[in-house]
Amino acid sequence: MTKKDPPAGNPALRSREWFGTSDRNGFMHRSWMKNQGTPNRAFDGRPVIGICNTWSELTPCNAHLRGIAEAVKLGVIENGGFPVEFPVMSLGETLLRPTAMLFRNLVSMDVEESIRANPIDGVVLLCGCDKTTPALVMGAASCDLPTIVVSGGPMLNGKFRGRDIGSGTNLFSMSEEHRAGTLSAQAFLEAEAGMSRSAGHCMTMGTASTMACLIEAMGLSLPQNGAIPAVDSRRTLLARDSGFRIVDMVREDLRLSKVLDRRSFENAIRINAAIGGSTNAVIHLLAIAGRTRIPLDLADFDRIGRHVPLLADLMPAGRYLMEDFYYAGGLPALIAELGELVDGSAATVTGRSLAQNIEGTVNWNPEVIRPRANPVVKDAGIAVLRGNLAPNGALIKPAAATPALLKHRGRAVVFEGLQDFRTRIDDPALDVDADCILVMRNVGLRGFPGMPEVGNMPLPRKLLESGVRDMVRISDARMSGTAYGTVILHVAPEASLGGPLALVRNGDFIEIDMENGRLHLDVSEEELDRRRKDWTPPPRKATRGYEGLFLDHVMQPDTGADFDFLVGQSGAEARENAH
Ligand code: FES
């Protein structure tokens, strides 16, 4: 440790380890920063606020975050802090191959080590596109500094020939119409231009909006972070207010661990049901809970969220979009409608409770945010299914499914992976009818690898042409939060680890019974044992580099898909100086 002068400012600030000495190292730490025009007063003991930015032109949903960062900086400076913006790897859902999920844990490591290795007293996390939010929160949680999240906000409503269209949701539906021959190529191209017409992330209640809302629900952002459109000036104001607030949070030593507790996660589960949130939230909440060592398991989602009503009438489960949600009152109005279903005593970054934060909130549009007496769906929470096909659980989002298919027995049509599915799904000779169950395996975390969002398999063209629009589909993959259908996901253990999904054969019968949480492969135990003995694992997909690390250490989706060695916290104590 370096020799230190009596530090100016708060001696407890970890940034004083870098900037609070008058020796050679203090010279070095300050002098190089001064090449950016930084004045001496920046080093007088004021809180140093890191602004962790996932800006990237390859992540279109986050491409405006440099502007948001400037607003955060203004707020930090207004309140006497010293802002320092730093980049971390960004993850864009639409461009990254094979799937952004493969890199969520990598980004969390980037965030954790960037925070811990630098002279930062508090951190503002700038995120937006799906995986950027959980990745940043996971990394920050393992450091446990004062932390506040600023989401980039959703895009404005998509527009197409006089009506609203939603990111992802209408991509999927219009793609099926195009394949069925009921939507022209010209119309399809027009929709492409009208769907994404402003800065921001998907404006359906997909994973990005879900995570932004759940971060607000857990108290990790200022109120209204979940829904303000990216280009609404109130988003810029929220960023500026967040910059102002984080400086006070450092002064109050209001660390992330003082905000998050079991109540935060229970609220997030209930609110996820009430907003019709993404199934991906299950994996991300489990991973964040793992970093904070707050007990949470898959059964909690069923037990706590299952009978919560869907109140937000938003795509993909409903009709409206995030812009409408914000104008109706946003998440505070929805929380107010939920009443005693939400634990208002939970802490938030404002220093006030969740209930105090929403005092005086009004629901301006009960069509968009339904009152509890008139929900979109009565029991909307994500359901956990178990049985001999998914001993460690599988998920279904009932609000996005066809009710008549939630209790169903059907003949399995099995695909060995994504390539096999793409090759055969539109084959006129494929032996499939509307009552069949499409099964795809080897698309899990290790099997693919990365567990891509392919669980909402497109339907066979010949069935689309005959008017079929939904079928039961089962896989060890994930599904985009913007997608819909009777889709059973996250089957664990996954097939490439020898989970029972690997043993299903064409023609087997499968039973689902959502009400009773059952997913059953109707094949005798003796026959399954025989098949198990014959089963050989698929070849490992990578031997080196990050993918090799991923295959060696990723946990299964029922425990959050984090790396086994990243669970927990290492804190943010300043490391020994080696200069
Ligand atoms: Fe980024 Fe949907 S692609 S949020």
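Residues numbered from 1 in each chain as written. Predicted model: local features only at pLDDT ≥ 70, side-chain atom pairs only at ≥ 80, totals over all residues. Heavy atoms only, no water.

A.B. asks: Can you walk me through the layout of surface pockets in this structure?
C.D. replies: If a probe the size of a water molecule is rolled over the atoms, the empty space left behind becomes visible. Estimates place the volume of the second largest pocket at around 490 Å³. Lining the second largest pocket we find 24 residues, and of these M33, Q36, F82, P83 and V84 sit closest to its centre. Secondary structure elements with two or more residues in the lining of the second largest pocket: helix 1 (16-19), helix 2 (24-34), helix 3 (65-78) and strand 2 (82-87). Per-element tally for the lining of the second largest pocket: the top contributor is strand 2, with 5 residues. (1 Å grid on protein atoms, 1.4 Å probe; cavity = no way out; pocket = protein on both sides within 12 Å on 5 of 7 lines; lining within 4 Å. Points joined across faces, edges and corners; volume = space filled by probe spheres on them. Helix = DSSP H or I, 4+ residues; strand = E, 2+ residues; numbered from the N terminus.)

A.B. asks: Whenever I open this one, unusual backbone geometry confuses me. Can you help?
C.D. replies: Comment: phi is negative for the bulk of residues other than glycine, and the bulk of peptide bonds are trans. A cis geometry characterises the amide bond from R97 onward to P98, with omega recorded as 0°. The residue P98 is located in the loop between strand 2 and helix 4 (104-117) in this model. Here the bond from M315 into P316 is cis, since omega is 15°, no more than 30 degrees from zero. If you trace the backbone, P316 turns up in the loop between helix 13 (298-305) and helix 14 (322-328). Residues other than glycine seldom take positive phi values, yet M451 does so here, at roughly 60°. Within the fold, M451 resides in the loop between strand 10 (437-440) and helix 18 (461-465). Its identity is not glycine, yet H490 carries a phi of approximately 60°, on the positive side. Topologically, H490 is positioned in the loop between strand 12 (487-488) and strand 13 (509-513).

A.B. asks: Would you explain the pairing of strand 2 in this entry?
C.D. replies: For a regular strand, side-chain orientation follows a simple rule: the groups alternate between the two sheet faces. Pairing between strand 1 (residues 48-53) and strand 2: 6 bridges, direction parallel. Its bridge partner lying in strand 2, N53 is registered against P87. The handedness of the strand 1 to strand 2 crossover, carried by helix 3, is right-handed. (Pairing = 2+ DSSP bridges. Right-handed = clockwise from strand over helix to strand, strands pointing away.)

A.B. asks: Mind showing me how you'd approach helix 9 (residues 233-251) here?
C.D. replies: Two residues of an α-helix separated by three or four positions point the same way, owing to the 3.6 residues in each turn. Here helix 9 is 19 residues long and its end C-alpha atoms lie 28 Å apart, about the 27 Å a rise of 1.5 Å per residue gives. When helix 9 is considered as a whole, its buried residues turn out to be R235, L238, A239, S242, G243, R245, I246, V247, M249 and V250. In this structure, the buried residues of helix 9 make contact with strand 1, helix 3, strand 3 (122-127) and strand 4 (147-151). Looking one or two residues beyond helix 9, the residue adopting positive phi is D253, at roughly 55°. (Expected span 1.5 Å × (residues − 1). Buried < 20%, exposed > 50% of the residue type's maximum accessible area, 1.4 Å probe, protein only. Contact = heavy atoms within 4.5 Å.)

A.B. asks: What exactly am I supposed to notice about the pairing of strand 13 here?
C.D. replies: A large share of strand 13 lies buried, amounting to 4 of its 5 residues. As paired elements, strand 9 (residues 407-415) and strand 13 share 5 bridges and run antiparallel to each other. Within strand 13, the residue paired with H408 across the bridge is I512. As paired strands, strand 13 and strand 14 (residues 518-521) are joined by 4 bridges and run antiparallel to one another. Bridge assignment links I510 to a residue of strand 14, and that residue is L521. In textbook terms, the turn of a hairpin is the stretch between consecutive antiparallel strands, and for strand 13 and strand 14 this stretch comprises 4 residues, one of which, G517, has a positive phi near 65°.

A.B. asks: Which parts of the structure should I look at to understand the pattern of salt bridges?
C.D. replies: Oppositely charged side chains are able to pair whenever their charged atoms sit close together. Across all of its chains, the model carries 48 salt bridges by this definition. When the shortest N-O distance is used, the salt bridge between D508 and R531 registers 2.7 Å. One end of the pair, D508, is in the loop between strand 12 and strand 13; the other, R531, is in helix 19 (residues 525-534), and 23 residues separate them in sequence. Under the relative-accessibility criterion, D508 is labelled buried at 9%. The partner of E511 in a salt bridge is R518, with the nearest N and O atoms 3.0 Å apart. (Salt bridge = Lys/Arg side-chain N within 4 Å of Asp/Glu carboxyl O.)

A.B. asks: Teacher, can you tell me more about the nonpolar core here?
C.D. replies: Here is a general trend for soluble globular proteins: nonpolar side chains tend to be buried in one another's company. If you look at the biggest cluster of nonpolar residues, it comprises 113 residues, and the most contacted ones within it are I271, F325 and L334. Looking at which element gives the most residues to this core, the answer is helix 12 (residues 280-292), with 8 residues. Not counting residues within four places of it along the chain, the set of residues in contact with L334 comprises I271, A274, I275, L311, A312, F325 and I369. (Core = buried A, V, L, I, M, F, W, Y, C linked by side-chain atoms within 4.5 Å.)

A.B. asks: Whenever I open this one, the confidence of the model for the protein chain confuses me. Can you help?
C.D. replies: Detailed reading of the predicted coordinates is not advisable wherever pLDDT falls low. Averaged over the protein chain, the pLDDT score is 95; the fraction of residues at 70 or greater is 98%. pLDDT under 50 marks residues 1-9. Its contacts with residues more than four places away, or in other chains, come to 21 contacts. (pLDDT = per-residue confidence, 0-100.)

A.B. asks: Got a minute to help me understand the environment of G339 in this structure?
C.D. replies: Topologically, G339 is positioned in the loop between helix 15 (330-338) and helix 16 (354-357). Separated by 33 residues in sequence, G339 and R372 place their C-alpha atoms 9.0 Å apart.

A.B. asks: It is not clear to me how empty space enclosed by the protein should be interpreted in this structure. Could you clarify?
C.D. replies: Scanning the model with the defined rule gives 3 cavities of 30 Å³ or more in all. Each pocket or cavity is described by its volume, and for the largest cavity that value is around 60 Å³. Around the largest cavity sit E216, S221, L222, P223, P332, I335, L354, N357 and I358, which together line it. When contributions to the lining of the largest cavity are tallied by element, the ones reaching two or more residues are helix 15 and helix 16. For the lining of the largest cavity, the per-class residue count stands at 6 nonpolar, 2 polar and 1 charged. Considering the residues around the second largest cavity, the lining is formed by V282, I283, L298, G393, A394, L395, H490, A492, P557 and D558. At the level of secondary structure, the elements contributing two or more residues to the lining of the second largest cavity comprise helix 12 and strand 8 (390-396). Looking at the lining of the second largest cavity, the element that brings in the most residues is strand 8, giving 3 residues. When grouped by side-chain class, the residues that make up the lining of the second largest cavity number 7 nonpolar, 2 polar and 1 charged. (Nonpolar A, V, L, I, M, F, W, Y, C, P; charged D, E, K, R; others polar.)

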